Amino acid sequence: MAKVTRDDVARLAGTSTAVVSYVINNGPRPVAPATRERVLAAIKELGYRPDRVAQAMASRRTDLIGLIVPDARQPFFGEMAHAVEWAAAERGKMVLVGNSDYVSEREVHYLRAFLGMRVSGLILVSHALNDHAAAEIDAWDARVVLLHERPEAIDDVAVVTDDLGGAQLAVRHLLEHGHEYVACMGGTAETPAVGDPVSDHVEGWRRAMAEAGIPTEGRLFEAPYNRYDAYRVALEILAGPNRPPAVFCSTDDQAIGLLRAARELRIDVPGELAVAGFDDIKEAALADPPLTTVASDRSAMARAAVDLVLDDGLRVAGSRRERLKVFPSRLVLRGSCGCG
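Conventions and cut-offs
- Residues numbered from 1 in each chain as written.
- Predicted model: local features only at pLDDT ≥ 70, side-chain atom pairs only at ≥ 80, totals over all residues.
- Heavy atoms only, no water.
- Pairing = 2+ DSSP bridges.
- Helix = DSSP H or I, 4+ residues; strand = E, 2+ residues; numbered from the N terminus.
- Contact = heavy atoms within 4.5 Å.
- Axes fitted to C-alpha atoms, helices over the stretch in contact; angles between N-to-C directions.
- Phe/Tyr/Trp six-rings, centres within 6.5 Å; stacked < 30°, edge-to-face > 60°.
- Buried < 20%, exposed > 50% of the residue type's maximum accessible area, 1.4 Å probe, protein only.
- Lys NZ or Arg CZ within 6 Å of the ring centre and 35° of its normal.
- Lys, Arg positive; Asp, Glu negative; His and termini not counted.
- Salt bridge = Lys/Arg side-chain N within 4 Å of Asp/Glu carboxyl O.
- Polar contact = N/O pair within 3.5 Å; in protein donor to acceptor, adjacent residues only side chain to side chain.

J.: I'd like a description of the sheet that holds strand E8 (residues 246-249), backed by residues and values.
T.: Read from one edge of the open sheet, four strands run E7-E6-E8-E9, paired in parallel fashion. Each of the sheet's edge strands pairs with one partner strand only, and the pair in question is strand E7 (220-221) and strand E9 (274-276). Sheet topology note: the strand E6 (residues 183-185)/E8 ladder contains three bridges and is parallel. The partner of Cys184 across the bridge, within E8, is Phe248. Strands E8 and E9 of the sheet are contacted by helix H8 (residues 163-176), whose axis makes an angle of about 170° with E8.

See the structure below:
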């Protein structure tokens, strides 16, 4: 059976091959609705399948978006990747996902691999983008949107949450419950001081405590972001002589680890210990007790990132404020803080 070509579709639809291309590619020129319907009907009748490889070679772009995350095993990044995949599908694109595992060399590896595949654009969730990775992006003149984090080494368009403001909301709320102070489970020594959400969460905690006239010395604890390592840190904090009355965790995963440690030590939450997290991963509502946390609209953030990375005007120069899209945070009250 002979392969169906674009010429065959044009012939059956009574139009030109250029118009068929406009319909298949959703542009660059508009097509009248009636003509579009004829072309789509001809495609269906003939069983035509576009040669995506040939299209990519001609346009030097594919229908792919590259997404690099630190660790998709962590619920927050898994949920974010899923949201990006859905948003990309709405624009007729597919997503390639790479896990950097918080290792700069792996991040550069995926940058080179995805850019070499001529992806339509890159969405980058970078823990600490180094100068080497930034140079790689500049060398390819790539379309890049930063999502969730905004490292100092690169000044591309970023889509982020109001991390600082959200942390302040959570800590103020814990203090409103009458606790003498709120401890903070922050990041590790490797957490970047600028541009990282966890750093902003810690700064939000500091500001909320300062507003209340409460010192923070000795009340910030380093902990990895994941629940397993955070659980081990939490065991030491909660079993110590100066157990805090309330803890704000920089991630929900940390908070879930903390809740597990409290349960093992027979510490009543929220009676003896109030807890709040950040991210509102789906598991937060099923924690024991359900976790008070800070949420943002991940679906809207993902859609904004996809729209920006596919926008032809992405690389037009603009002010830092214009290149930073900040989504508001909101407090989600559940049982771990004493509400609900």
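J.: Pulling in residues and values, what's your account of the packing of aromatic side chains?
T.: This model, assessed by the stated rule, comprises three aromatic pairs. Seen from their ring centres, Phe76 and Phe77 are 5.4 Å apart, and the 80° between their planes marks the pair as edge-to-face. For the pair shown, Phe76 and Phe77 are each scored as buried. In this structure, Arg219 packs its charged tip against the face of Tyr181, placed 3.8 Å from the ring centre.

J.: Any chance you could break down the side chain of Asp252 for me, citing the residues and the numbers?
T.: Looking at the element boundaries, Asp252 is found in helix H11 (residues 252-264). There is no salt bridge for the buried Asp252, and the closest opposite charge comes from Arg334, which lies 6.1 Å off by N-O distance. A distance of 2.7 Å separates the side chain of Asp252 from the side chain of Thr293, its partner in a polar contact. Among all residues touching Asp252, those that are not within four sequence positions of it are Gly277, Phe278, Asp279, Asp280, Ile281, Ala284, Leu291 and Thr293.

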